[in-house]
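Each chain is listed here by its residues.
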Amino acid sequence: MNKIQIQRRHKSTPYETDYAQWCAEQGALLREGRLSDLDRENLAEEIESLGRSDKREIETRLSTLLLHLLKWQFQAERRKTGWLLTIREQRHQIKKLINESPSLKAYPRKQLASEFEFARLKAADETGLPEKDFPADCPYQIADVLDHDFFPGAPWTSDQLVRE
């Protein structure tokens, strides 16, 4: 829908009826400076949810990263190229999110303990090792978790990885 069509309409598309259309109309209204025509309540909610989605993405990526660090440390004989790639990917994506939203820099540290708790359970499930074999509290500092050179456990070389 172009700007002219939006100007001719007296009422914008309801948020619940067609989300994509609603977004396009709200964007056009903002660009045109027609602030009184905006669906302010839903627009504010959508803007706030953008920040929440970045936090949720950091949580998910941190949990996945911790899971793979645990597997890396506690199943050294089964280290796989895929684990290495997952560790690198999660670190890269978390760094990217923080670079895009520097106010989230402390968020991974705040979430470390709770995300470790879930990663520990998943590690036990995925490895078949008893839960008691994994530390109850996160053994890693957030700086290490996010450091691209940090890999817990015995030293390794890429030729030791199980190719998938």
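To be clear, the structure that these remarks concern was listed above.
As the structure is a prediction and not an experimental result, all values here were calculated from the model.

A.B. asks: So, helix α2 (residues 19–32): which residues are in play, and what are the values?
C.D. replies: Taking 1.5 Å of rise per residue, the 14 residues of α2 would be expected to cover 20 Å, and the 20 Å separating its terminal C-alpha atoms lies within 8% of that figure. Listing the buried residues of α2 in full gives Trp22, Glu25, Gln26, Gly27, Ala28 and Leu29. Directly beyond the C-terminal end of α2, a positive phi value near 75 degrees is found at glycine 33.

A.B. asks: So what's going on with the nonpolar core? Residues and values would help.
C.D. replies: Among the nonpolar cores identified, the biggest contains 28 residues, and Leu62, Leu66, Leu70, Trp72, Tyr140 and Val145 are the most heavily contacted of them. Counting residues per element, the ones that place at least two in this core are α3 (40–74), α4 (81–100), α5 (107–127) and α6 (142–146). Those residues within four positions of leucine 62 in sequence are excluded, and the remaining contacts are Ile94, Pro108, Gln111, Leu112, Glu115, Ile142 and Val145.

A.B. asks: I'd like to hear about the layout of surface pockets, residue by residue, with values.
C.D. replies: Approximately 320 Å³ is the volume found for the largest pocket. If you trace the largest pocket, you find 13 residues lining it, with Ile94, Lys95, Ile98, Lys105 and Leu146 closest to the centre. Going through the elements one at a time, α4 and α6 are the ones with two or more residues in the lining of the largest pocket. If you tally residues by element for the lining of the largest pocket, the top one is α4, at six residues. Of the residues that constitute the lining of the largest pocket, the class distribution is five nonpolar, three polar and five charged.

Quick notes on the rules
Residues numbered from 1 in each chain as written. Predicted model: local features only at pLDDT ≥ 70, side-chain atom pairs only at ≥ 80, totals over all residues. Heavy atoms only, no water. Helix = DSSP H or I, 4+ residues; strand = E, 2+ residues; numbered from the N terminus. Expected span 1.5 Å × (residues − 1). Buried < 20%, exposed > 50% of the residue type's maximum accessible area, 1.4 Å probe, protein only. Core = buried A, V, L, I, M, F, W, Y, C linked by side-chain atoms within 4.5 Å. Contact = heavy atoms within 4.5 Å. 1 Å grid on protein atoms, 1.4 Å probe; cavity = no way out; pocket = protein on both sides within 12 Å on 5 of 7 lines; lining within 4 Å. Points joined across faces, edges and corners; volume = space filled by probe spheres on them. Nonpolar A, V, L, I, M, F, W, Y, C, P; charged D, E, K, R; others polar.

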